[in-house]
Amino acid sequence: PPDQADGVENWGCAAFGGYACLVWNTTGNGQNSGYAHIVSAAEDSTVVIQRLNATDNPRGTLRTIALSDRFLILGIETGNSALDLARFIPASDETVTNVAQDLFSGGTITVYAAARVAGSSDFVVICQVGANLITRRFTNVGVLQLEYSSIVATATAVCIEASSTANQVNIGYVVAGDAFW
């Protein structure tokens, strides 16, 4: 953001229906807090800007996904031990609202990626938890629908896409400098 006094070490953005959401973490703040800024293009104005630092809020390594009516905001809890979910629905919400905790837990989370499932209102996440890459599909409120097979690997980068109509999930990851698809 233009008025950010500190540097930014992580950021993500998404857009739908005339709204845009920017999430970021400030340099040196680690997993302790992040920010969400939602704007309306039609109004040329900020809808909400919110610091995400409350207990069990998504805080670190923030990502955002646009669904048909909402933004989903994912982030790692302090201590890198769980992945949490919040949402913002421009038509009804005034603040970012926590939706689900511990979408992933049970080990140190080092990297993750998330994407909307094309043709549905669901989303998928691939997450490095301990020594396993785990891929899961969730509803738009964070209810687990499906866990795919885990991959025993220690990835330094991951990416994911999914399609409901094609009934497929595509993942990519990097281990020791080698890319796998």
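Our subject is the structure that appears above.
Residues numbered from 1 in each chain as written. Predicted model: local features only at pLDDT ≥ 70, side-chain atom pairs only at ≥ 80, totals over all residues. Heavy atoms only, no water.

**Some remarks on the overall build of the protein**
When helices and strands are counted, the protein shows zero helices and 16 strands. For 181 residues, the compact-globule estimate of 2.2 N^0.38 gives 16 Å, and the C-alpha radius of gyration of the protein, at 16 Å, lies within 12% of that figure. Each principal axis of the C-alpha distribution contributes one length, and for the protein these read about 45 × 40 × 25 Å. Residues classed as buried in the protein amount to 45% of the 181 residues present. A fraction of 37% describes how many contacts in the protein between residues 6 or more apart in sequence connect residues 24 or more apart. Per element, the accessible surface of the protein, about 8500 Å² overall, is 49% carbon and sulfur. The protein carries 8 positive and 16 negative side-chain charges, and their two centres are separated by 5 Å. (Helix = DSSP H or I, 4+ residues; strand = E, 2+ residues; numbered from the N terminus. Rg over C-alpha atoms; globule rule 2.2 N^0.38 Å. Buried < 20%, exposed > 50% of the residue type's maximum accessible area, 1.4 Å probe, protein only. Contact = heavy atoms within 4.5 Å. Areas by Shrake-Rupley, 256 points an atom, 1.4 Å probe, with all protein chains shown as cover. Lys, Arg positive; Asp, Glu negative; His and termini not counted. Charge placed at Lys NZ, Arg CZ, Asp CG, Glu CD.)

**Some words on the environment of Ala82**
Tracing the sequence through the fold places Ala82 in strand S7 (residues 82-88). A residue is classified by how much of its surface remains accessible, and Ala82, at 2% relative accessible area, is buried. Taking the C-alpha atoms as reference points, Ala82 and Ile109, 27 residues apart in sequence, are found 6.9 Å from one another. In this structure Ala82 touches Gly75, Ile76, Glu77, Asp102, Phe104, Ser105 and Ile109, once residues within four positions along its chain are discounted.

**Here we look at the pattern of salt bridges**
Counted according to the given criterion, the structure contains four salt bridges. Among the salt bridges present, the one from Arg87 reaches Asp93, with a minimum N-O distance of 2.7 Å. Here Glu147 ties to Arg136 by a salt bridge, and the two come within 2.8 Å at their closest N and O atoms. With Glu147 in strand S12 (residues 144-147) and Arg136 in strand S11 (residues 132-138), this residue pair connects regions lying 11 residues apart in the sequence. Judged by relative accessible area, which is 15%, Arg136 ranks as buried. (Salt bridge = Lys/Arg side-chain N within 4 Å of Asp/Glu carboxyl O.)

**As for the pairing of strand S4 (residues 45-52)**
A regular strand carries its side chains on alternate faces of the sheet. The sheet contact formed by strand S3 (residues 34-40) and S4 spans seven bridges and is antiparallel. Its bridge partner lying in S4, Val39 is registered against Thr46. Hairpin connection of S3 to S4: four residues between the antiparallel strands, including Asp44 at a positive phi of 50 degrees. (Pairing = 2+ DSSP bridges.)

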